[in-house]
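Now for the letters of each chain:
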Amino acid sequence: MWIIIFIVFILFNIIAFFVPKRIDKVVIYSTCFFAYAYGLTFDMIFDLHYDFYGYFQKGFQWKGFFGTILYFPSISLLFLNFFPFEQKISIKLLYTLCWSIFSTFFEWVSIQTGFFYHNEWKLWYSALLYPIIFFTLVINMRFVQKINR
């Protein structure tokens, strides 16, 4: 049943590829790599070192690695591409909250399909971390834009 998750990952990538871009290509490139490195770093620590959660089963899995390559960059691009930079803080918070709810739901679906599992980790930990993760992406993007000028 985990193949459904990979189909969704491919759809995320297709959407991310074809959606009209509102950010520069160099920013897209660097933020996608940042998202990948950021996600992989967290996974190395929380999955492989602490065994809080993981992909498929304990230890390194090529399918899980491939999933992270497909997931982190496409989601970060979609999130940042439509981020309401010029809006009030309340709109930014609502936008981030919606993405955090979506991500928490998608994590729950990933658990149901066997793509992802929790050991010591709880879904509500993720729900609390997603806004921080998304705002870190925004901060990184602003930094890249600044050094790119």
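Keep in mind it's a predicted model, so treat the numbers as computed, not measured.

### Quick word on the side chain of Asp51
So, point 1. Mapped onto the fold, Asp51 is located in the loop between α2 (25-49) and β1 (53-55).
So, point 2. Of the polar contacts made by the side chain of Asp51, one reaches the side chain of Lys58; its length is 3.3 Å.
So, point 3. When residues no more than four places from it in sequence are discounted, the contact partners of Asp51 are Phe46, Lys58, Tyr117, Asn119 and Glu120.

### Considerations on the packing of helix α1 (residues 3-18) against helix α3 (residues 62-81)
So, point 1. Two elements in contact, α1 and α3, have axes whose closest approach is 9 Å; the angle formed by their N-to-C orientations is 35 degrees. Crossing handedness for the pair α1 and α3: left-handed. For the pair α1 and α3, the contacting residues are Phe6, Phe9, Phe12, Asn13, Ile15 and Ala16 in the first and Lys63, Phe66, Gly67, Leu70, Tyr71, Ser74, Ile75, Leu77 and Leu78 in the second.
So, point 2. Residue composition of the contact of α1 with α3, by class: 11 nonpolar, three polar and one charged.

### Digging into the side chain of Ser126
So, point 1. Relative to the helices and strands, Ser126 resides in helix α5 (residues 123-148).
So, point 2. For Ser126, a relative accessible area of 6% puts it in the buried group.
So, point 3. Within the local environment of Ser126, its side chain forms a polar contact with the side chain of Trp121, the two groups lying 2.7 Å apart.
So, point 4. Dropping the residues within four chain positions of it, Ser126 is found in contact with Glu107 and Trp121.

### Observations regarding the nonpolar core
So, point 1. Of all hydrophobic cores here, the largest spans 37 residues; its most connected members are Phe9, Tyr71, Phe79, Leu80, Trp99, Phe115 and Phe134.
So, point 2. Listing elements by their share of this core, those giving two or more residues are α1, α2, β1, α3, α4 (89-113) and α5.
So, point 3. When residues of this core are assigned to their parent elements, the largest contribution, eight residues, is made by α3.

### Here's the deal with the packing of aromatic side chains
So, point 1. Within this structure, the stated rule accounts for 45 aromatic pairs.
So, point 2. Centroid distance Phe9 to Phe115: 5.4 Å. Interplanar angle 80 degrees. Geometry classified as edge-to-face. With Phe9 in helix α1 and Phe115 in the loop between α4 and β2 (116-118), this pair connects stretches of sequence that are 106 residues apart. Summarising the burial analysis for this pair, Phe9 and Phe115 share the class buried.
So, point 3. The residue whose ring lies beneath Lys63 is Phe56, and the NZ or CZ to ring-centre distance is 4.1 Å.

### Some words on α4
So, point 1. If you check α4, its first and last C-alpha atoms are 36 Å apart, about what 25 residues at 1.5 Å a residue would give, namely 36 Å.
So, point 2. Within α4 the residues assigned to the buried category are Lys92, Tyr95, Thr96, Trp99, Ser100, Ser103, Thr104, Phe106, Glu107, Ser110 and Thr113.
So, point 3. In this structure, the buried side of α4 is in contact with α1, α3, β2 and α5.
So, point 4. Just downstream of α4, Gly114 is the residue with a positive phi angle, here 90 degrees.

How each quantity is defined
Residues numbered from 1 in each chain as written. Predicted model: local features only at pLDDT ≥ 70, side-chain atom pairs only at ≥ 80, totals over all residues. Heavy atoms only, no water. Helix = DSSP H or I, 4+ residues; strand = E, 2+ residues; numbered from the N terminus. Polar contact = N/O pair within 3.5 Å; in protein donor to acceptor, adjacent residues only side chain to side chain. Contact = heavy atoms within 4.5 Å. Axes fitted to C-alpha atoms, helices over the stretch in contact; angles between N-to-C directions. Left-handed = near helix turned anticlockwise from the far one by under 90°. Nonpolar A, V, L, I, M, F, W, Y, C, P; charged D, E, K, R; others polar. Buried < 20%, exposed > 50% of the residue type's maximum accessible area, 1.4 Å probe, protein only. Core = buried A, V, L, I, M, F, W, Y, C linked by side-chain atoms within 4.5 Å. Phe/Tyr/Trp six-rings, centres within 6.5 Å; stacked < 30°, edge-to-face > 60°. Lys NZ or Arg CZ within 6 Å of the ring centre and 35° of its normal. Expected span 1.5 Å × (residues − 1).

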